[in-house]
Amino acid sequence: MRIITNTALIVKGNLLTQMRTYTFFLMIGLTLFLSYLFIPSADRHYEVFYIGGVRGVYNSAWLGGMLAMVSNLLLWLFGFYFLRGTISHDEQLRVAPFIATSPITKSAYIWTKVMSNFFILVIISTSLLLSFIFMQIIRAEDTQILWGDYLLPYICMTLPSIFLLASFTIVFDVIGWLKGTLGNIIFFCFWIAISVFSISFPNILFDLFGLNRILTNMVNDATQVFPFLKDSDSGGSFGYYPVANVLTFTWEGIVWTKGMLISSFLWLFIALCNILLAILTFNRSQKHKPRTFGHKKHEASDLTRIQEDVRLLSPVQYEQSFHYARLIIAEWRVLLRGYSKWLYSILIISLILSYALPMNILGSWSPLFMLFPLAIWSKMGTVDTTHRTEQLIVSTPYASMKFFITWLSGLFITLIYSFGIVLRLSLAGNISAVIAYVIGILFIVTLAITLGYFTKSRRVFESVFLLLWYMGPVNQIPYLDFTGISMDQSLQYFIISVCLMGSVVILQKKRLG
């Protein structure tokens, strides 16, 4: 009984820790905003869920089906990056040795982390459910609230799916090579693959997000009401679709089958396997050996000699001059520290390829080059928080310049890395493309340091960047393509960069004050 009580207290503590962060309130605000965007009124002339210009009446069945798809699809992306790293956070706070010597077992510790993440996802998805119900009342196309149409998809689809997600957040935090940016990229590719697989292949057992199960029911019923959809290639998709006249029909809800319920139990079984894998992999007594460098003995002997001759030290003198070059080089070393030689090899190879590839191939492969500096960008704005040097920086005479130095260092590193692409565009005489690409780099660097300063987390920027990168440069959605490949939006992104930089300056002055 005492073990159960202690476990419940740990879960409660983890919940309170997550719910006190800015990122949690950002997630709640994002869900409320998305519920407004995903349920537009008829006079807005656009659709988010598109079936050839046709949609269902906003009743409980239609919104309950949309809720199951939207919550699974979005929570798997944003929820993963928000909740991963809880075990690593204990290591950063240096409480892992205390937990290792506590009576709680390794399996109970993993279970507390999984359940804490699961309950956070339940809270976020529940807020999305309530916002959908509220929007049904606001849109007033059908004001009768049928709780079964909301709760049945939520219980049978959303809860098993997010429980599996909670298990993945822990697996990616106990396996060493999945902890960092590489794990974030792998999970994003996994999310894309599952999304495409769920829509393209009608297999209920592998429909993790419930897209195919719900879409098939919606499209079949819409085709019976509107026969012209049989000649249309639209099988249902998410996005922004302008529609002149919205045609509606009454959808009665999902036709449940035995296979749908079996698939839910399949996700629960896979989640339990993930938890077992995390328990077997996690080493609670792991000790991290400090890194040693070649001049360690010399440094130690020099330190001893200085301590012996402490009376010979000159008094500390304050210099009025500000050495930008020294600080920028030091910030470079901080941003590039900790990466293996393989990363530098990849950066050099990508730099050479960006100059050597033909222009027609370079245009299609240039978005891939934007992924390699992701680990460097995500450190901007979070280095001081990670290494707990914020108080030391504040006590320095030029603490207000720290943001500018970090931003300038990250910008220079990215420009050096992108030198091949910029040079090729310049030699081709495409000056407007050069300006658009450089401003895109300016936007990404500014976005990285802004999100790092506000959230104090690397994962927020990585999730936002990967989604923006996939929708913009990869799929070339015009207004989201910050590189200017599909459409020149350099002025808009320059204004956004200036606004982001101004917000960070205001936040920094507030913290220093």
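Here the structure is a predicted model, which is why all the values come from computation and not from measurement. Position numbers for residues count from 1 along each chain, tracking the sequence in the order it is written. With pLDDT at 70 or above as the cut-off, local features in this predicted model cover only qualifying residues; side-chain atom pairs require 80 or more to be listed or tallied, and sums for whole chains, interfaces and linings still use all residues. Only hydrogens and water are set aside; all other atoms, that is, all heavy atoms of the structure, feed into the side-chain values.

1. Looking at the overall build of the protein chain
Line of reasoning, step 1. For the purposes of this entry, the term helix denotes a DSSP run of H or I that reaches at least four residues, the term strand denotes a run of E that reaches at least two, and both are numbered from the N terminus. For the protein chain, the helix and strand inventory stands at 22 helices and four strands.
Line of reasoning, step 2. Relative accessible area decides the class of each residue, using a 1.4 Å probe on protein chains only: under 20% of the type maximum gives buried, over 50% gives exposed, and in between gives partly exposed. The 513 residues of the protein chain split such that 46% are buried.
Line of reasoning, step 3. Every residue pair with non-hydrogen atoms within 4.5 Å of one another is taken to be in contact. In the protein chain, once contacts between residues fewer than 6 apart in sequence are set aside, the share between residues at least 24 apart is 80%.

2. Observations concerning the nonpolar core
Line of reasoning, step 1. For our purposes a nonpolar core is just a set of buried Ala, Val, Leu, Ile, Met, Phe, Trp, Tyr and Cys residues, chained together by side-chain atoms within 4.5 Å. In terms of nonpolar packing, the biggest core is built from 137 residues, with Trp62, Ile110 and Phe465 touching the most fellow members.
Line of reasoning, step 2. A per-element tally of this core places helix H3 (residues 60-83) first, with 18 residues.

3. With respect to helix H9 (residues 211-225)
Line of reasoning, step 1. Expected helix span is computed as 1.5 Å times (number of residues minus one). In this model, H9 (15 residues) spans 21 Å end to end at C-alpha, consistent with the 21 Å of a helix rising 1.5 Å per residue.
Line of reasoning, step 2. Of all the residues in H9, the buried ones are Leu211, Asn212, Arg213, Ile214, Leu215, Asn217, Met218, Val219, Ala222 and Thr223.

4. A closer look at the confidence of the model for the protein chain
Line of reasoning, step 1. A residue's pLDDT is simply how confident the predictor is in it, with values from 0 to 100. Averaged over all residues, the pLDDT of the protein chain equals 77, while 80% of them reach at least 70.
Line of reasoning, step 2. Residue range residues 287-301 is modelled with pLDDT below 50. Its contacts to residues more than four positions away, or to other chains, number three contacts.

5. Things to note about the environment of phenylalanine 188
Line of reasoning, step 1. Mapped onto the elements of the fold, phenylalanine 188 is located in helix H8 (residues 181-200).
Line of reasoning, step 2. You can call phenylalanine 188 buried: its relative accessible area is 2%.
Line of reasoning, step 3. The residues touching phenylalanine 188, leaving out its near neighbours within four places in the chain, are Leu77, Tyr81, Leu466, Leu467, Trp469 and Tyr470.

6. Section: the packing of aromatic side chains
Line of reasoning, step 1. By convention, a stacked pair of Phe, Tyr or Trp rings (six-membered ring in the case of Trp) has centres within 6.5 Å and planes under 30 degrees apart, an edge-to-face pair has planes over 60 apart, and any other such pair is tilted. A complete count under the given rule lists 24 aromatic pairs for this structure.
Line of reasoning, step 2. Taken together, a centroid distance of 3.6 Å and an interplanar angle of 10° make the contact between phenylalanine 80 and phenylalanine 187 stacked. Of the two residues, phenylalanine 80 is situated in helix H3 and phenylalanine 187 in helix H8; the sequence distance between them amounts to 107 residues.
Line of reasoning, step 3. Exposure remark for phenylalanine 80: the relative accessible area of 0% places this residue in the buried category.
Line of reasoning, step 4. A ring pair is formed by phenylalanine 168 and phenylalanine 172, whose centres lie 6.3 Å apart and whose planes are at 65°; its orientation type is edge-to-face. Residue phenylalanine 168 and its partner phenylalanine 172 are located together in helix H7 (residues 147-174), separated by four residues, close to a single helical turn.
Line of reasoning, step 5. Site record: aromatic cluster; members linked through ring pairs are Trp76, Phe80, Phe168, Phe172, Phe187, Phe190 and Phe209.
Line of reasoning, step 6. A positively charged side chain is recorded as over a ring if its NZ (Lys) or CZ (Arg) lies within 6 Å of the ring centre. The angle to the ring normal must also be within 35 degrees. Seen from the ring of tyrosine 58, arginine 55 lies directly overhead, with NZ or CZ sitting 3.9 Å from the centre.

7. Remarks on the environment of serine 125
Line of reasoning, step 1. You can see serine 125 is positioned in helix H6 (residues 106-139).
Line of reasoning, step 2. Put simply, serine 125 and threonine 158 are 33 residues apart on the chain and 8.3 Å apart in space, counted from C-alpha to C-alpha.
Line of reasoning, step 3. Not counting chain neighbours up to four residues away, the residues in contact with serine 125 comprise Leu75, Tyr154, Thr158 and Ile162.
Line of reasoning, step 4. In the analysis that follows, any N or O atom pair within 3.5 Å is treated as a polar contact, provided that within protein one partner can donate a hydrogen and the other can accept it, and provided that, for residues neighboring in sequence, both atoms belong to side chains. Separated by 3.0 Å, the side chain of serine 125 and the backbone oxygen of valine 122 make a polar contact.

8. Section: the side chain of threonine 414
Line of reasoning, step 1. Topologically, threonine 414 is positioned in helix H18 (residues 402-417).
Line of reasoning, step 2. On the accessibility criterion, threonine 414 (3% relative accessible area) is buried.
Line of reasoning, step 3. Polar contacts involving the side chain of threonine 414 include one to the side chain of tryptophan 377, which spans 2.8 Å.
Line of reasoning, step 4. Setting aside residues up to four positions removed in sequence, threonine 414 forms contacts with Trp377, Ile441 and Val445.

9. Observations concerning a nonpolar patch on the surface
Line of reasoning, step 1. On the surface, a nonpolar cluster with roughly 380 Å² of combined accessible area is contributed by Leu491, Phe494, Ile495 and Val498.
Line of reasoning, step 2. Tracing the backbone shows valine 498 in helix H22 (residues 490-512).
Line of reasoning, step 3. For valine 498, a relative accessible area of 46% translates into the label partly exposed. Exposure above 30% relative accessible area and the lack of any salt bridge qualify a residue for a patch; like charges then connect within 9 Å, and the nonpolar side chains Val, Leu, Ile, Met, Phe, Trp and Tyr within 5 Å. Accessibility throughout is a Shrake-Rupley quantity obtained with a 1.4 Å probe, and a residue counts as covered only by protein chains that appear here. In what follows, salt bridge is the name for a side-chain nitrogen of Lys or Arg lying within 4 Å of a carboxyl oxygen of Asp or Glu.

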